[in-house]
Amino acid sequence: GIYVFFIGGYPVRSSQGKKNISPLLAVLKANPYCILSSYNNLVSYIIFLGLNDIEVLSDSNSKYLRYYHYINKELELYFFTNEDKFKGIKAKVKFKVKGHPVLYDPMDNKLYKAQFQVCEDNIVVDITLEPYESLFVIFGPQDEWLDINMRRLTSDDLANEYVIEGGWECGIATAEEYPKFRPAPMIKGLGNVSLPGILPSFSGTILYKTVFYFDADINVGQPIILDLGEVYETAYVRLNGYEVGARICPPYRLDISRYIIRGQNLLEIEVTNTLVKKIHDIFSRFMPQEPSGLIGPVRILY
């Protein structure tokens, strides 16, 4: 009862060294659960046989959408990732499950209300993912999640932006020196610090500090998001002396609604790269190296 797909052709030899596998091949070819398919037709076969447990109904960029389905006694969890580093995904995804869906953002450790429709025996959930962003869609007991009303923010909710352009005061610290930073006058602002003439072999943390003025008219409860742009690799943010949070992968966005004030603000961003800049073995010596530091642009979205 388990389907087996052979891509491009049936086997021609045995890894156990059996010389004559013709009888076994004859059994395989006669079995209705053994299917010969091309790579391009594999998805169509899976959908035709009803083996898919999700279906993307609308989105032009869904080829970069990846998911993993996990089932336990009470919950069904779908983990989605947008593997496109440049384009977002806004999709309607049909699930062959029953129950009440909620969204879970592991970076914020928060549950959000899901926008969904019931279509016959299926549930269609609206999913929006920024480039490289991940999200859980969880199905479980309806009674426990009916009171979840907090809506997850998307780029459509943030129509305005304020660009923080500098000037940036920078410092550096190795893992041994941290959290004591020494001045880094060779870093003139945002950009790749691993370039020749700056810090091509530095491994550690770079501190970016600046003062900016924010005077936009903000309504009570209006979301205000700090977007760091490109970062290599991890970022830790303080605003006006308060710890805002950390991000280890794109999108490097944090909610600063509780910490920003109208007028002068002090922003501190610590960016830590990897040991590959410092430790050069026979493999990494010839590998293409990613940048280091805060590339930006640094924006406030509201």
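Quick note: structure is the one above.
In short, a report on the structure. The model shown is predicted, which means the values in this text are computed figures rather than measured ones. (Residues numbered from 1 in each chain as written. Predicted model: local features only at pLDDT ≥ 70, side-chain atom pairs only at ≥ 80, totals over all residues. Heavy atoms only, no water.)

### Quick notes on the nonpolar core
Inside soluble globular proteins, nonpolar side chains tend to come together where they are buried. Counting residues in each nonpolar core, the largest one holds 34 residues, and the members touching the most others are Ile187, Tyr208, Leu226, Leu228, Leu267, Ile269 and Ile300. Within the residue set of this core, elements represented by two or more residues are strand S13 (169–173), strand S15 (205–214), strand S18 (234–239), strand S21 (263–272) and strand S23 (298–301). Per-element accounting of this core gives the leading share, four residues, to S15. Beyond its immediate sequence surroundings of up to four residues, Leu267 is in contact with Ile164, Trp168, Tyr208, Lys209, Thr210, Phe212, Leu226, Val237, Arg238, Leu239 and Val298. Counting residues in hydrophobic clusters, the runner-up holds 19 residues, among them Tyr78, Val93, Tyr112 and Phe139. (Core = buried A, V, L, I, M, F, W, Y, C linked by side-chain atoms within 4.5 Å. Buried < 20%, exposed > 50% of the residue type's maximum accessible area, 1.4 Å probe, protein only. Helix = DSSP H or I, 4+ residues; strand = E, 2+ residues; numbered from the N terminus. Contact = heavy atoms within 4.5 Å.)

### Looking at the sheet that holds strand S14 (residues 182–183)
The pairing of strands in a sheet happens through backbone hydrogen bonds and is either parallel or antiparallel. An order of S14-S13-S15-S21-S18-S19 is seen for the six strands of this open sheet, with the pairing classed as antiparallel. The open sheet terminates on both sides in strands that have one partner only, identified here as S14 and strand S19 (242–247). Taken together, the two bridges between S13 and S14 define a ladder with antiparallel strand orientation. Note that in S14 the partner of Ile172 across the bridge is Arg182. (Pairing = 2+ DSSP bridges.)

### Concerning unusual backbone geometry
In the segment running from Tyr178 into Pro179, the intervening peptide bond is cis, with an omega of 10 degrees. With an omega of 0 degrees, the peptide bond running from Gly296 to Pro297 counts as cis. Residue position: Pro297 is located in the loop between strand S22 (293–296) and S23. Phi is positive for Glu120, close to 55 degrees, though the residue is something other than glycine. For Glu120, the location among the structural elements is in the loop between strand S9 (116–119) and strand S10 (122–129). Although it is not a glycine, Tyr132 adopts a positive phi angle of roughly 70 degrees. Along the polypeptide, Tyr132 turns up in the loop between S10 and strand S11 (134–140).

### What about the environment of Leu51?
Structurally, Leu51 is set in the loop between helix H2 (42–48) and strand S3 (54–58). Under the relative-accessibility criterion, Leu51 is labelled partly exposed at 41%. Setting aside residues up to four positions removed in sequence, Leu51 forms contacts with Tyr3, Phe5 and Ile46.

### Re the pairing of strand S2 (residues 34–37)
Where strand S1 (residues 4–7) lies against S2, four bridges are found, and the strand directions are parallel. Bridge pairing links Val4 to Cys34 in S2.

### Focus on the side chain of Lys277
Counting through the fold element by element, Lys277 comes out in the loop between S21 and S22. Here the side chain of Lys277 touches Glu290 through a polar contact of 2.4 Å, landing on its backbone oxygen. Among all residues touching Lys277, those that are not within four sequence positions of it are Ser194, Pro200, Ser201, Phe202, Ser203, Gln289, Glu290, Pro291 and Ser292. (Polar contact = N/O pair within 3.5 Å; in protein donor to acceptor, adjacent residues only side chain to side chain.)

### Comments concerning the packing of aromatic side chains
Taken as a whole, this structure holds 18 aromatic pairs when the rule is applied. Aromatic side chains Tyr78 and Phe95 sit 4.7 Å apart centroid to centroid with 75 degrees between the ring planes, which places their arrangement in the edge-to-face category. Here Phe95 lies in strand S6 (residues 89–95) and Tyr78 lies in strand S5 (residues 76–82), a separation of 17 residues in the sequence. Here the two residues Tyr78 and Phe95 agree in accessibility, since each one is buried. Ring pairs connect the aromatic residues Tyr67, Tyr78, Phe80, Phe95 and Phe139, which therefore count as one cluster. (Phe/Tyr/Trp six-rings, centres within 6.5 Å; stacked < 30°, edge-to-face > 60°.)

### Concerning a nonpolar patch on the surface
Nonpolar side chains collect at one region of the surface, where Ile282, Phe283, Phe286 and Met287 lie side by side and expose about 540 Å² of accessible area between them. With respect to the helices and strands, the residue Phe286 is situated in the loop between S21 and S22. Relative accessible area serves as the criterion here: at 66%, Phe286 is assigned to the exposed category. (Patch = residues over 30% accessible without salt bridge, like charges linked within 9 Å, V, L, I, M, F, W, Y side chains within 5 Å. Areas by Shrake-Rupley, 256 points an atom, 1.4 Å probe, with all protein chains shown as cover. Salt bridge = Lys/Arg side-chain N within 4 Å of Asp/Glu carboxyl O.)

### Brief notes about the environment of Asn273
Looking at where Asn273 falls in the secondary structure, it is placed in the loop between S21 and S22. Put simply, Asn273 and Ser194 are 79 residues apart on the chain and 10 Å apart in space, counted from C-alpha to C-alpha. Discounting residues that sit within four places of it in the chain, Asn273 has contacts with Phe202, Ser203, Gly204, Tyr232, Glu233 and Ser292. A polar contact is formed between the side chain of Asn273 and the backbone nitrogen of Gly204, at a distance of 2.9 Å.

### Side note on the pairing of S23
Where a strand is regular, its side chains alternate between the two sheet faces. Two strands pair when backbone bridges link them, and strand S12 (residues 161–164) and S23 are joined in this way by four bridges, in the antiparallel orientation. Its bridge partner being in S23, Val163 is matched across the sheet by Arg299.

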